[in-house]
Each structure stands twice: as C-alpha cells, then as structure tokens.
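Fold and contact review
Residue strings, one per chain:
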Amino acid sequence: QVQLVESGGGLVQPGGSLRLSCAVSGLTSDYYTMGWFRQAPGKERVLAAAIKWQGITTYYGAFVGRRFTISKDNAKNMVSLEMNNLNAEDTAVYYCAAVRSLYIPTQQDNYEYWGQGTQVTVSF
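Overview of the structure. (Residues numbered from 1 in each chain as written. Predicted model: local features only at pLDDT ≥ 70, side-chain atom pairs only at ≥ 80, totals over all residues. Heavy atoms only, no water.)

Below, the discussion takes up the state of the cysteines. Going through the model one piece at a time under the given rule, you end up with one disulfide. Across the disulfide from Cys 22 sits Cys 96; the S-S distance is 2.1 Å. When the S-S torsion is -80°, as for the bridge of Cys 22 with Cys 96, the disulfide is left-handed. Here Cys 96 lies in strand 9 (residues 92-100) and Cys 22 lies in strand 3 (residues 18-25), a separation of 74 residues in the sequence. Of the residues examined, Cys 96 reaches a relative accessible area of 0% and is grouped as buried. (Disulfide = S-S within 2.5 Å. Helix = DSSP H or I, 4+ residues; strand = E, 2+ residues; numbered from the N terminus. Buried < 20%, exposed > 50% of the residue type's maximum accessible area, 1.4 Å probe, protein only.)

Moving on, we get to unusual backbone geometry. Even without a glycine there, the phi angle at Asn 77 is positive, about 55°. Within the secondary structure, Asn 77 is located in the loop between strand 7 (68-73) and strand 8 (78-83). A positive phi angle, close to 50°, is found at Asn 85, a residue other than glycine. Among the structural elements, Asn 85 can be located in the loop between strand 8 and strand 9.

Considering all chains together, one arrives at four aromatic pairs under this definition. Both rings, one in Phe 37 and one in Trp 114, keep their centres 4.9 Å apart while their planes meet at 55°; by these two values the pair is tilted. With Phe 37 in strand 4 (residues 32-39) and Trp 114 in strand 10 (residues 113-114), this pair connects stretches of sequence that are 77 residues apart. Each residue in the set Phe 37, Tyr 95, Tyr 111 and Trp 114 is aromatic and connected to the rest through ring pairs, giving one cluster. Its guanidinium or amino end placed over the ring of Tyr 95, Arg 45 lies 3.7 Å from that ring's centre, counting from NZ or CZ. The side chain of Arg 45 reaches across the aromatic face of Trp 114, ending 4.8 Å from its centre. (Phe/Tyr/Trp six-rings, centres within 6.5 Å; stacked < 30°, edge-to-face > 60°. Lys NZ or Arg CZ within 6 Å of the ring centre and 35° of its normal.)

Moving on, we get to the pairing of strand 7. Of the pairings in the sheet, the one linking strand 7 to strand 8 comprises six bridges and is antiparallel in character. Looking at strand 8, one finds that Phe 68 is bridged to Met 83. (Pairing = 2+ DSSP bridges.)

Pasting the structure below:
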C-alpha cells in the first residue's frame, strides 16, 4: 500500500518561500508519477507540479511560472516542492499524490494515492 505523508506547510508572508516534503512508502515499481496538487477554498484541486519517480521528467501548472521547483530523492523516498515568491493566490491545502503511470496525468481523478494535505497560508 502506497503511503504519502506531507510536511512543511505553514504561514508565510507574501514574497516568501516554503518547502513542502512528501515521505513516500510502499512503491512497488519505478513507474510512478508523483504530483503536488493544491486546493484553495471553493476551488477545484489542480496540479501544481509533478515528476516521474524514474528519470527527470517534470510538469508544472501554468500558474506556477518559474516560482516552484519539484524534486525527488529516490534514496530517501522523498518528493519536495520548493515554492518561492509566494502570493495570496497560493494559499491552499497542498496534497502529495501518486499514480502508477508511464506518463504524467494532470487530472486529480487519475491519481490513485493521496496524502492528508498540508495547509499553506500566504498572508501578512
């Protein structure tokens, strides 16, 4: 059973940075896609960034620009999301997700496994 546990959320001022981490366990092969979704109040859950567990292929949502960087450490079973120049629109619950897939799905319905989520609040 794949388990995902997020950490690193919190309150940050506009223009600040946060690093989210996702501890991964239970993967049964290398052919997983790991994603970071976010869901703001009253809005749909959308994919912010994703990375193939094997290789270096990445995906970023258009709203990210060049502010976010997704990375992984296969040896430590961790996936991280570095977020810079945060603004109020980035306030959301951020979820780590995984799916066994040869490509990078962008819709939440395609992902099989989810963490519990971590709150990110950008405010003064």
